[in-house]
Amino acid sequence: LKEHAQLFFLPLVLSLVNDESKKCKEAVADCVSLILKRLATDTVQSLYDYVKRWSQPSGTESIPMQLASAQLFGIFVEARPDYVKRGRNSTDLADLIMQVISQHSPTDDNDWELVYHYLVCMEKLNKYVPGAFGSNMDVWSSLVSLMAYPHPWIMQVSARLVSGHLSAIDYKELAQNGSDSFIAKVPGSLYDIARNSCRQLDVEDRLYVDATCTIAIKNITSAFKIMKLRPDLCYEPEVDNENENEELNPKGKSKDPCLWLMARLSNIAKPRGKLRRESVFKCFAALCTSCNPDDLVRYLQLMIDPIDRDIRDTAGKVRRGDFQENDPRDALPKEVLQILEDTCGTDNYIKAYAKVNKNAR
């Protein structure tokens, strides 16, 4: 195998670049991975050198090989993590990934695919070589920005990476101001995560992607809990600016970023859009199951209002006779209302619902 490694490797790479079939590309990736697992380290090194050479930009003609190298880096990480950990391999790869994702251009049609494959590679490197990116503020800030990228694949994988980071945060360290997380080191980044996650939910039904919304709900839930613990992390240093844009930096007298977040979710669910509303209602349910009930009572009206609006809209359709019965998704609003009552208490729920009904008249 060692003697013929290059003979096998180069045609497989060309298939990875040129083949239009997703199944074929997956089979090629599996084949390359199997070969790498069976090769000695010195032979893996020679193949890796090819990949590094292909990753260097040299005009538009080099883009196909850059795309191939981005995919191959990920295959190397999965198949031979022992090799990637040697010397400066993981550090150099992390630097290359950071360079690509920090220089992305949303207006370049060819750029998104390269960024996407390097993000997938980053996800693998983060898994097999923990700490490869450490507390690099630039790379994590770039990931948060990519959560609002126009292409859904990039949006999803960047949100997934941020979700993994949020899940690993030690809340005790964060409360004591001892966390090395970028959300503690970069003021306002927590707000950016919440804002971009809300944007992922605020899409037309034709653009709805279930996996992306599921990750967004998870990130919003984590952001809400951290906001309650450390609201100061949402704010950049105070500046004197009479025309300050609250969308960019939600400063206010209350200094309650959770109030802004819940109002944002409530407003997203008000316009008609079945899937958009469902995603917000699921987010309310996730908050109820994950957060302290006392932290949610204040926002009951904001949660009940869009749910009640949806129930009223459905009732109106029934009266007009243009409603399709026996759709299991139509039960979701009432189920979430029950979760809100069970979580926040019947008395608090009844008071909040009465205020919503009064305002609806």
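It should be noted that the structure appears before, not after, this text.
Residues numbered from 1 in each chain as written. Predicted model: local features only at pLDDT ≥ 70, side-chain atom pairs only at ≥ 80, totals over all residues. Heavy atoms only, no water.

S.K.: Explain the layout of surface pockets residue by residue, including any values.
M.R.: Of the voids in this model, the largest pocket is the one considered here, and its volume is about 680 Å³. Along the walls of the largest pocket sit 19 residues, with Lys25, Glu26, Gln71, Tyr116 and His117 positioned nearest its centre. Elements with a minimum of two residues in the lining of the largest pocket: α2 (22–38), α4 (63–79) and α7 (111–128). Classifying every residue of the lining of the largest pocket by side-chain character gives 9 nonpolar, 3 polar and 7 charged. (1 Å grid on protein atoms, 1.4 Å probe; cavity = no way out; pocket = protein on both sides within 12 Å on 5 of 7 lines; lining within 4 Å. Points joined across faces, edges and corners; volume = space filled by probe spheres on them. Helix = DSSP H or I, 4+ residues; strand = E, 2+ residues; numbered from the N terminus. Nonpolar A, V, L, I, M, F, W, Y, C, P; charged D, E, K, R; others polar.)

S.K.: How would you summarise the pattern of salt bridges if you had to cite specific residues and measurements?
M.R.: This model, assessed by the stated rule, comprises 16 salt bridges. With a shortest N-O distance of 3.1 Å, aspartate 82 and arginine 80 are connected by a salt bridge. The class of aspartate 82 is partly exposed, set by a relative accessible area of 44%. It is possible to trace a salt-bridge network through shared partners that takes in Arg272, Arg277, Asp310 and Asp313. (Salt bridge = Lys/Arg side-chain N within 4 Å of Asp/Glu carboxyl O. Buried < 20%, exposed > 50% of the residue type's maximum accessible area, 1.4 Å probe, protein only.)

S.K.: How would you sum up the packing of helix α12 (residues 189–201) against helix α13 (residues 210–229)? Please name residues and give values.
M.R.: Orientation of α12 relative to α13, taken along the N-to-C sense of each, is 150 degrees, at an axis distance of 9 Å. By the angle class used here, α12 and α13 are roughly antiparallel. Like other packed secondary-structure pairs, α12 and α13 cross with a definite hand, here left-handed. Counted together, Leu190, Ile193, Ala194, Ser197, Cys198, Gln200 and Leu201 of α12 and Thr212, Cys213, Ala216, Ile217, Asn219, Ile220, Ala223, Ile226 and Met227 of α13 form the full contact between these two elements. Its residues assigned to classes, the contact of α12 with α13 comprises 12 nonpolar, 4 polar and no charged. (Axes fitted to C-alpha atoms, helices over the stretch in contact; angles between N-to-C directions. Parallel < 35°, antiparallel > 145°, perpendicular 65-115°, else oblique. Left-handed = near helix turned anticlockwise from the far one by under 90°. Contact = heavy atoms within 4.5 Å.)

S.K.: Before we move on, could you go through helix α14 (residues 257–268) and cite the residues and values that matter?
M.R.: Spanning 12 residues, α14 covers 17 Å between terminal C-alpha atoms, matching the ideal 16 Å at 1.5 Å per step. Buried residues dominate α14, accounting for 9 of its 12 residues. Within the sequence span of α14, burial applies to Pro257, Cys258, Trp260, Leu261, Met262, Arg264, Leu265, Ser266 and Ile268. (Expected span 1.5 Å × (residues − 1).)

S.K.: So, the packing of aromatic side chains: which residues are in play, and what are the values?
M.R.: Following the criterion strictly, the structure yields 12 aromatic pairs and no others. Between the aromatic rings of phenylalanine 224 and tyrosine 299, the centroid separation amounts to 6.0 Å while the plane-to-plane angle is 85 degrees, which identifies the pairing as edge-to-face. Residue phenylalanine 224 is found in helix α13, and its partner tyrosine 299 is found in the loop between α16 (293–296) and α17 (300–320); the two are separated by 75 residues along the sequence. There is no split in this pair, since phenylalanine 224 and tyrosine 299 are both buried. (Phe/Tyr/Trp six-rings, centres within 6.5 Å; stacked < 30°, edge-to-face > 60°.)

S.K.: Can you explain the side chain of threonine 343? Please cite residues and give values.
M.R.: Residue position: threonine 343 is located in helix α18 (residues 332–344). A polar contact of 2.8 Å, which involves the side chain of threonine 343, links it to the backbone oxygen of isoleucine 339. (Polar contact = N/O pair within 3.5 Å; in protein donor to acceptor, adjacent residues only side chain to side chain.)

S.K.: Pulling in residues and values, what's your account of the nonpolar core?
M.R.: For soluble globular proteins, the rule of thumb is that nonpolar side chains tend to be buried together. If you look at the biggest cluster of nonpolar residues, it comprises 112 residues, and the most contacted ones within it are Leu265, Phe284 and Leu340. In this view, leucine 340 contacts Cys288, Leu300, Met303, Ile304, Ile307, Gly345 and Tyr349; residues no more than four positions away in its chain are not counted. (Core = buried A, V, L, I, M, F, W, Y, C linked by side-chain atoms within 4.5 Å.)

S.K.: Help me get a handle on the side chain of threonine 212, residues and values and all.
M.R.: As for its placement among the helices and strands, threonine 212 is situated in helix α13. A relative accessible area of 4% means that threonine 212 is categorised as buried. In this structure threonine 212 touches Pro152, Met155, Gln156 and Gln200, once residues within four positions along its chain are discounted.

S.K.: Describe in detail the environment of proline 64, supporting the description with residues and values.
M.R.: Within the secondary structure, proline 64 is located in helix α4. Note on proline 64: relative accessible area 36%, which makes it partly exposed.

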